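# Results of the structural survey
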Amino acid sequence: MEDTAREDPAREDTAREDPAREDTAREDPAREDPAREDPAREDTARGMALCETNGSMDLQLQANLILSHATGVGSALPPERVRRLIALRINVHSKGYSGISLETVQQFVDALNASCLPRIPEKGSVGASGDLAPLAHLTLGLMGIGEMWSPESGWGNAEEILKAHNLTPLKLKSKEGLAAINGTQFITSLTAEALYRAELATKQADVIAALSIEALLGTDNAYDPRIHQQRCHPGQQQSAYVLRTLLKHDSEFRGPQLQDAYSLRCIPQVHGVTRDTLTFVHTIIETEMNSATDNPMIFSDDNEIVSGGNFHGEYPGKAADYLAIAVHEIANMSVMRIERLLNGAYSKGLPNFLVGSKEGLNSVSENKVLTHPSTVDSISTCGGTEDHVSMGAFAARKALQVAEHVEYVLAIEMIAACQAIDLRHPKKLSGPLKKVHDLVRTKIMHLEKDRFMGPDIDMAVRLIQEGQAVPVAISKAQIPQCEQAMRSDVSTRI
């Protein structure tokens, strides 16, 4: 009998006859690779593969993050601003949520202490995943790439300057490239400077405005405490108290009129809202300076890594916009008083153009453009992942410009008011304001005839930036009294 396998085709090898009985590893991809039938298992497989990446490749990835994001443009940040930026980065990393080694943090500290400061372009950040471009430039310099500044060398090659200070170029470890560029410290550091200058200028503005009130023979009726107790905004009450303190002494500059123009009469209401806005901005910036703004964040106590959005720059960006709008109004009102001092139609007997300068008008007009809020804008980046950005870096840069312009406008008002007071001689000035006038005259001479005013304006700006007018006009004993009176008025009213 022949082999039944040859006689009966139906009894041939079923693996050849029936495709359904073929090797399932070939027929069924799900049986071949279990990860394909379960997306969760597929992700796990990929994650395991990433974890097995060669260590040198991971370190190169960290370096590539810095190289690919160091795309800023424009002028370099001044060294003192770079110092502030590094200090804030150290503060963030020191909180322990960044996933960065103590050794790397110490290298940031060593560079700061040695004033080895990388070149950081002003422009490039949209305030999305933090200030990626400027923070990349900061890290790039510490890696020994690009330019760096030090007091001994000025600008030079970063690697050579680090070597000259016995510092080793930064070599980023796992996660450290990401940790180095996530955060809002560029926006925050610039806004902090703008805030400091705006607060000083606002305090000086009350004193300078009081000089103008005297020079224009204004009345102090509008600063009566009973008026301001009925509108319990803290800043308004504080500004009114300062004006009363400066003007209540014996003075021969009081006019007989019942009321003055708004630029004199409404100083507490306008300066007051600037004070209150800056207080709000101060709270935001102080909180931001002391926050962890990294991503992802490492919660070592819980053994977890969590991705979030603390890097978003909306908080400091909005604060910068609020600051610019608020402090601009100080200059907006100041320039109206300058006009009244220079214009014989308003100055009650003073000669036209007593100082011969209207430069402050230009700064105010520029501010009207610069105070347009940057943070009302947004643009989608990173392939749609970062689909809402803060534009906070632009807001911070503009806020600094606005604060600088306000200083110039107030400086011009100070010069004009002191010139007008000279021309009112021999009228007796109030005691506190005489001290301010004498201070100005030790730095800036009376204008007998036309001269180049640039150095005078620069000196007046320096007096404002150093905050010299307030302590001369108001003693340390009176300043707490002023603040206490403000708090008392508010608490009583509420």
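Residues numbered from 1 in each chain as written. Predicted model: local features only at pLDDT ≥ 70, side-chain atom pairs only at ≥ 80, totals over all residues. Heavy atoms only, no water.

## What about the overall build of the protein chain?
Regarding its fold elements, the protein chain presents 24 helices and seven strands. Across the 494 residues that make up the protein chain, the buried fraction comes to 47%. By sequence separation, contacts in the protein chain at least 24 residues apart represent 79% of the contacts at least 6 residues apart. Summing over all exposed atoms, the protein chain offers an accessible surface of approximately 24,400 Å²; the carbon and sulfur share of this is 53%. (Helix = DSSP H or I, 4+ residues; strand = E, 2+ residues; numbered from the N terminus. Buried < 20%, exposed > 50% of the residue type's maximum accessible area, 1.4 Å probe, protein only. Contact = heavy atoms within 4.5 Å. Areas by Shrake-Rupley, 256 points an atom, 1.4 Å probe, with all protein chains shown as cover.)

## Observations regarding the sheet that holds strand β5 (residues 154-157)
Pairing is antiparallel across the open sheet formed by three strands, whose spatial order is β2-β4-β5. Each edge of the open sheet is held by one strand with a lone partner, namely β2 (117-118) and β5. One ladder, built from four bridges, connects strand β4 (residues 147-150) with β5; its direction is antiparallel. Bridge pairing in β5 links Trp-149 to Trp-155. (Pairing = 2+ DSSP bridges.)

## A word on the pattern of salt bridges
For side chains bearing opposite charge, pairing can occur when the charged atoms are close. For the structure shown, the criterion picks out 15 salt bridges. In this structure, Arg-119 and Glu-147 form a salt bridge, with 3.5 Å as the shortest nitrogen-oxygen distance. You can see Arg-119 sitting in the loop between β2 and β3 (121-123) and its partner Glu-147 sitting in strand β4, a full 28 residues away along the chain. Ionic pairing is found between Asp-456 and Arg-451, a salt bridge with its closest N-O pair at 2.9 Å. Judged by relative accessible area, Arg-451 falls into the partly exposed class, the value being 29%. (Salt bridge = Lys/Arg side-chain N within 4 Å of Asp/Glu carboxyl O.)

## Some points on the side chain of Glu-288
Assignment of secondary structure puts Glu-288 in helix α17 (residues 267-289). Among buried Asp, Glu, Lys and Arg side chains, Glu-288 stands out as unpaired, with Arg-89 the closest opposite charge at 9.3 Å. In this structure Glu-288 touches Thr-184, Thr-188, Thr-293, Tyr-315 and Pro-316, once residues within four positions along its chain are discounted. (Lys, Arg positive; Asp, Glu negative; His and termini not counted.)

## A closer look at the packing of aromatic side chains
This structure, assessed with the given rule, holds two aromatic pairs. A centroid spacing of 6.0 Å and a plane angle of 35° characterise the contact between Phe-280 and Tyr-322, whose relative ring orientation is tilted. Remark: Tyr-322 occurs in helix α18 (residues 314-342) and Phe-280 occurs in helix α17; sequence separation between them is 42 residues. Among the residues examined, Phe-280 registers a relative accessible area of 44% and is labelled partly exposed. Looking at Arg-340, its charged tip hangs above the ring of Tyr-346, at a distance of 4.7 Å from the centre. Sitting above the plane of the Phe-394 ring, Lys-398 keeps its charged end 5.5 Å from the centroid. (Phe/Tyr/Trp six-rings, centres within 6.5 Å; stacked < 30°, edge-to-face > 60°. Lys NZ or Arg CZ within 6 Å of the ring centre and 35° of its normal.)

## Notes on the environment of Asp-422
Its place among the elements puts Asp-422 in helix α20 (residues 392-423). Between the alpha carbons of Asp-422 and His-437 there is a distance of 9.3 Å; along the sequence they are 15 residues apart. Beyond its immediate stretch of four places on either side in the chain, Asp-422 contacts His-437, Arg-441 and His-446. Reaching out from Asp-422, the side chain makes a polar contact with the side chain of Arg-441 at a distance of 2.7 Å. (Polar contact = N/O pair within 3.5 Å; in protein donor to acceptor, adjacent residues only side chain to side chain.)

## Some thoughts on the environment of Thr-202
Within the secondary structure layout, Thr-202 lies in helix α13 (residues 185-215). Classification of Thr-202 as buried rests on a relative accessible area of 3%. With 76 residues separating them along the chain, Thr-202 and Leu-278 place their C-alpha atoms 9.3 Å apart. For Thr-202, the contacting residues outside a window of four places in its chain are His-271, Thr-274, Arg-275, Leu-278, Val-327 and Ile-330.

## Side note on the confidence of the model for the protein chain
Looking at the protein chain as a whole, its pLDDT mean stands at 83, while 80% of the residues score no less than 70. Every residue in residues 1-53 is under pLDDT 50, and counting partners more than four places away or in other chains gives 22 contacts. (pLDDT = per-residue confidence, 0-100.)

## Regarding unusual backbone geometry
Trans is the common state for peptide bonds, and a negative phi is the common state for residues other than glycine. In this chain, Asn-295 is followed by Pro-296 through a cis amide linkage whose omega measures -10°. When you line up the elements, Pro-296 lands in the loop between α17 and β6 (297-299). The backbone phi angle of Asn-166 is positive, close to 60°, even though this residue is not glycine. Exposure remark for Asn-166: the relative accessible area of 73% places this residue in the exposed category.

## Remarks on helix α9 (residues 102-113)
With 12 residues, α9 extends 16 Å between its outermost C-alpha atoms, agreeing within 8% with the 16 Å of an ideal straight helix rising 1.5 Å per residue. Among all positions in α9, only Thr-104, Val-105, Gln-107, Phe-108, Ala-111 and Leu-112 are buried. Within α9, the buried residues cover an arc of 155° as seen down the axis, which keeps them to one side. Exposed side of α9, more than 90 degrees from the buried face: Leu-102, Glu-103 and Asn-113 are the residues found there. Downstream of α9 by one or two residues, Ser-115 has phi in the positive range, about 55°. (Expected span 1.5 Å × (residues − 1). Arc of directions from axis to C-beta.)

## Some details on the side chain of Ser-334
When you line up the elements, Ser-334 lands in helix α18. Under the relative-accessibility criterion, Ser-334 is labelled buried at 0%. A distance of 2.5 Å separates a polar atom in the side chain of Ser-334 from a polar atom in the side chain of Glu-413. Those residues within four positions of Ser-334 in sequence are excluded, and the remaining contacts are Val-409, Leu-410 and Glu-413.

## A few points about the packing of helix α8 (residues 79-93) against α9
Put simply, α8 and α9 touch, their axes get as near as 10 Å, and they point 155° apart. Comparing the axis directions of α8 and α9 gives the class roughly antiparallel. The interaxial crossing formed by α8 with α9 has left-handed handedness. Counted together, Arg-83, Ile-86, Ala-87, Ile-90 and His-93 of α8 and Val-105, Phe-108, Val-109 and Leu-112 of α9 form the full contact between these two elements. Residues belonging to the contact of α8 with α9 are distributed by class as follows: seven nonpolar, one polar and one charged. (Axes fitted to C-alpha atoms, helices over the stretch in contact; angles between N-to-C directions. Parallel < 35°, antiparallel > 145°, perpendicular 65-115°, else oblique. Left-handed = near helix turned anticlockwise from the far one by under 90°. Nonpolar A, V, L, I, M, F, W, Y, C, P; charged D, E, K, R; others polar.)

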